[in-house]
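Here is how the chains run, residue by residue.
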Amino acid sequence: MNALSKLIAVEAKLFLREPVSLFFVFALPLGLMLVFGLPQRGASGADAGQHGELTFLPALALALTIGMLALFTLPMALGIYRERRVLRRLATTPVNPALLLVAQVVVNLVMGVAGAVVTAIGVRFLLDQPAPANVPAFVLAFLLGVACLFAVGLLIAALAPSARAAQSIGPALFFPLLFLAGAWLPRDQMPTVLARIGDYSPLGATVDTLAAAWAGDSPAWPQLLALAVTAVAGSVLATRFFRWE
Amino acid sequence: MPVIEVEHLHKRYGDKIAVDDVSFTVDQGEIFGVLGPNGAGKTTTVECVQGLRRADGGTVRVLGLDPVRDRTEVRQRVGAQLQESQLPDKLRVREALDLYRSFYRNRADIDELLDDLGLATQRDTAFHKLSGGQKQRLSVALALVGRPEIAILDELTTGLDPQGRRDTWDLVERIRDRGVTVVLVTHFMEEAERLCDRLAIIDTGRVVAIDTPSGLLSRVGTEHRVHFRPLDPVDDALLAALPEVTGVRRSGDEVTVTGPEQVLQTVLSALAEQKVRYAGLRVEQPTLDDAFVSLTGRAARATTPPSTDERSS
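Values in this document were obtained by computation on a predicted structure and should not be read as measured data. (Residues numbered from 1 in each chain as written. Chains lettered and ligands numbered in written order. Predicted model: local features only at pLDDT ≥ 70, side-chain atom pairs only at ≥ 80, totals over all residues.)

Q: Report on the packing of helix H3 (residues 56–83) of chain A against helix H6 (residues 135–159) of chain A, specifying residues and quantitative values.
A: All names here are of chain A. Interaxial distance between H3 and H6 falls to 8 Å at its minimum, and their mutual angle equals 25 degrees. As the angle between them shows, H3 and H6 are arranged roughly parallel. At the point where H3 passes H6, the crossing takes the right-handed sense. On H6, the residues touching Ala63, Ile66, Gly67, Ala70, Leu71, Leu74, Pro75, Leu78 and Gly79 of H3 are Gly145, Val146, Leu149, Phe150, Val152, Gly153, Ile156 and Ala157. Across the contact of H3 with H6, the residue classes break down as 13 nonpolar, 4 polar and no charged. (Axes fitted to C-alpha atoms, helices over the stretch in contact; angles between N-to-C directions. Helix = DSSP H or I, 4+ residues; strand = E, 2+ residues; numbered from the N terminus. Parallel < 35°, antiparallel > 145°, perpendicular 65-115°, else oblique. Left-handed = near helix turned anticlockwise from the far one by under 90°. Contact = placed C-beta atoms within 7 Å. Nonpolar A, V, L, I, M, F, W, Y, C, P; charged D, E, K, R; others polar.)

In structure tokens, the structure reads:
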């Protein structure tokens, strides 16, 4: 096996040995769906706005899965690797330490996809929700959402002065993003300016485009574009500012 | 034959000079010590040798290669143990070795390595459950897993208890017996004295001396100190008048006589002749600590092992 596949295999093993991250990916989104989704069934009328859309909640659950991996797990893991001089140690071997970053991203992506599939299946059968109707658009929205959120996570990893800092910056960013996405207050009840910011915020745009595709509509192009732009900008900045030690 | 050649190495961080002017060569098969107080520039020097940092001046050759330009080749052939480098908590010993082994062209046998380093029973233990000494040995094992020609070991025994330190010293000798050239970075004199064939003393970014441990000792003279507590009255002037004696001092009821190696014989005969009984006889020989002090003009914090939270730069 070559170095990269070996690194990915080892990182995957380490991920699976962390009960907390497994809980984040596989249990929490589904749990939230069941807690909030069941009482909502039947109660949602035409007057409920954003929260009344049947696909809002499952889209939010998927965005939550990706968001937690991208903003909690990934920056913390990379922060720890820098702090414990694992990256430095790797630099003394013939292998480029950037491969460890690649392996981390790959493992978190795969776990994100797995978590999304589990959540989607859970939604489909436990909440009797139809499967995503516009599959190509759904896949596109999912990929762009993942790219955007992971880029933000990598930027946190690059800029956070320590693993501890990364551990608090992630949530400190995650909850406002969740708010902007309309998790608590539906965006149609927010002040207009806030709602427009929410529309193009990483989680907001991810939730909207996923929800639209799930319902069989076409996602809004400006929102897809916003995700793509954030993904590229975040990755470029993260690469520029990443410190190896 | 030199495997490492460093000539007039110069390295600065901003306007802080980390290494001013360092030159030395390391011969194949020797244990070469790089010794100096914290902040002397030891770690920066070996980081330039490993190609982890680019020198601002001078040349560095490792196995005839440029460690920056030919970094991949140099890293295939030079194993490194970094100070304070850790592994992920839940990574197991065998997995770590298996992973690092996959990075190299020449791969050591993992079971043999585990046996050699006394880690055979810890093969399935997670990193965070290892003791300090076991972590250190694993770190050395990772440095050897690519069958390197040179092993660079930085502050190997920092934070280990005395037993752990002695075990690690035996280990370093076994590494050399495998034909690996060892570069040992330390600020711990006893370690250098015990292990190194030759050593370079670095202070404030410059090489103060390069020699064998005994060569360094002979530079500071061969002054021995004989301490004893006379139980009968003895005249200091009489002791001072003995041939070879260079000094007599009294502190409390203890007398200290200094002189070359034979001074012990002289003092003991004189005491016997005068029928002076004595107790608490002790002879102090010059140590590498003394050599260090006389070469750098200040003390190395060297006789006690430092705690783990200290690091040199």
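Q: Account for the interface of chain B and chain A, with residues named and values stated.
A: Counting residues at the interface gives 20 residues for chain B and 17 residues for chain A. Those elements that provide at least two residues to the side of chain B that touches chain A are helix H2 (71–77) and helix H3 (93–101) of chain B. Classifying every residue of the side of chain B that touches chain A by side-chain character gives 10 nonpolar, 6 polar and 4 charged.

Q: Kindly report on the UniProt feature "transmembrane region" (unreviewed entry) in chain A, identifying the contributing residues and their values.
A: Residues and elements named next belong to chain A. In this structure's numbering, the residues bearing the UniProt feature "transmembrane region" (unreviewed entry) are residues 20–39, 59–78, 99–123, 135–157, 169–186 and 224–242. Secondary structure content for residues 99–123 is 100% helix and 0% strand, while the C-alpha to C-alpha distance between its ends is 36 Å. Along residues 224–242, the helical share is 95% and the strand share 0%, with 27 Å between the first and last C-alpha atoms. (UniProt positions renumbered as here; feature names shortened; annotations may be inferred.)

Q: Residues and numbers for the domain arrangement of chain B, please.
A: Along its sequence, chain B is carved into domain 1 (2–218) and domain 2 (222–285). Relative to domain 2 of chain B, the C-alpha centre of domain 1 of chain B lies at a distance of 44 Å. (Domains from an automatic or database assignment.)

Q: Help me get a handle on the sheet that holds strand E13 (residues 278–284) of chain B, residues and values and all.
A: Residues and elements named next belong to chain B. If you trace the 4 strands from one edge of the open sheet to the other, you get E11-E12-E10-E13, paired in antiparallel fashion. Only two strands of the sheet have a single partner each, and these edge strands are strand E11 (247–251) and E13. The average angle at which neighbouring strand axes cross in this sheet is 20 degrees, direction not considered. Seen against the sheet, helix H10 (residues 263–273) touches strand E10 (224–230), strand E12 (254–259) and E13 and runs at an angle of roughly 20 degrees to E10. (Pairing = 2+ DSSP bridges.)

Q: Tell me about unusual backbone geometry, and name the residues and values.
A: Residues and elements named next belong to chain B. The phi dihedral of leucine 63 falls on the positive side, at around 50 degrees, and the residue is not glycine. Within the fold, leucine 63 resides in the loop between strand E4 (57–62) and H2. Under the C-beta neighbour-count criterion, leucine 63 is labelled partly exposed, with 19 such atoms within 10 Å. You will see that glutamate 155, though not glycine, has its phi angle at about 50 degrees, which is positive. Tracing the chain through its elements places glutamate 155 in the loop between strand E6 (150–154) and helix H6 (162–177). Judged by C-beta crowding, with 25 C-beta atoms within 10 Å, glutamate 155 ranks as buried. (Buried ≥ 20, exposed ≤ 12 C-beta atoms within 10 Å, placed from the backbone.)

Q: Residue-level account of helix H1 (residues 3–16) of chain A, with values.
A: Working note: α-helix, 3.6 residues per turn, so residues spaced by three or four point in the same direction. Spanning 14 residues, H1 of chain A covers 20 Å between terminal C-alpha atoms, matching the ideal 20 Å at 1.5 Å per step. Of the residues making up H1 of chain A, those classed as buried are Ala3, Lys6, Leu7, Ile8, Val10, Glu11 and Phe15 of chain A. (Expected span 1.5 Å × (residues − 1).)

Q: Any chance you could break down the nonpolar core for me, citing the residues and the numbers?
A: Formed by 153 residues in total, the largest nonpolar core has its most connected members in Leu60, Ala63 and Leu210 of chain A together with Ala96, Val182, Val183 and Leu184 of chain B. Looking at this core element by element, the count peaks at 19 residues for H3 of chain A. Look past the residues within four positions of leucine 184 of chain B in its chain and what remains in contact with it is Ile31, Phe32, Gly33, Leu153, Leu156, Val172, Leu195 and Cys196 of chain B. (Core = buried A, V, L, I, M, F, W, Y, C linked by C-beta atoms within 7 Å.)

Q: I'd like to hear about the confidence of the model for chain A, residue by residue, with values.
A: All names here are of chain A. For chain A, per-residue confidence averages 85 on the pLDDT scale, and 93% of positions sit at 70 or higher. Across chain A, element-level confidence peaks in H1 with a mean pLDDT of 93 and bottoms out in helix H2 (residues 19–40) with 77. Across residues 42–47, where pLDDT falls below 50, the model places 3 contacts with residues more than four positions away in sequence or in other chains. (pLDDT = per-residue confidence, 0-100.)

Q: With reference to specific residues and values, describe the environment of isoleucine 197 of chain A.
A: Residue and element names in this part refer to chain A. Within the element layout of this structure, isoleucine 197 appears in helix H8 (residues 192–200). You can call isoleucine 197 partly exposed: it has 14 C-beta atoms within 10 Å. Distance in space between the C-alpha atoms of isoleucine 197 and alanine 91 is 41 Å, their sequence separation being 106 residues.

Q: Kindly report on helix H10 (residues 221–241) of chain A, identifying the contributing residues and their values.
A: Residues and elements named next belong to chain A. With 21 residues, H10 should cover 30 Å at 1.5 Å per step; its first-to-last C-alpha distance of 30 Å lies within 8% of that length. Those residues of H10 not exposed but buried are Gln223, Leu224, Ala226, Leu227, Thr230, Ala231, Gly234 and Ala238. Looking straight down H10, one finds its buried side chains confined to an arc of 155 degrees; they lie on one side. When the buried face of H10 is taken as reference, the exposed residues oriented beyond 90 degrees from it are Trp221, Pro222, Val229, Val236 and Arg240. On its buried face, H10 is in contact with H6, H8 and helix H9 (202–215). (Arc of directions from axis to C-beta.)

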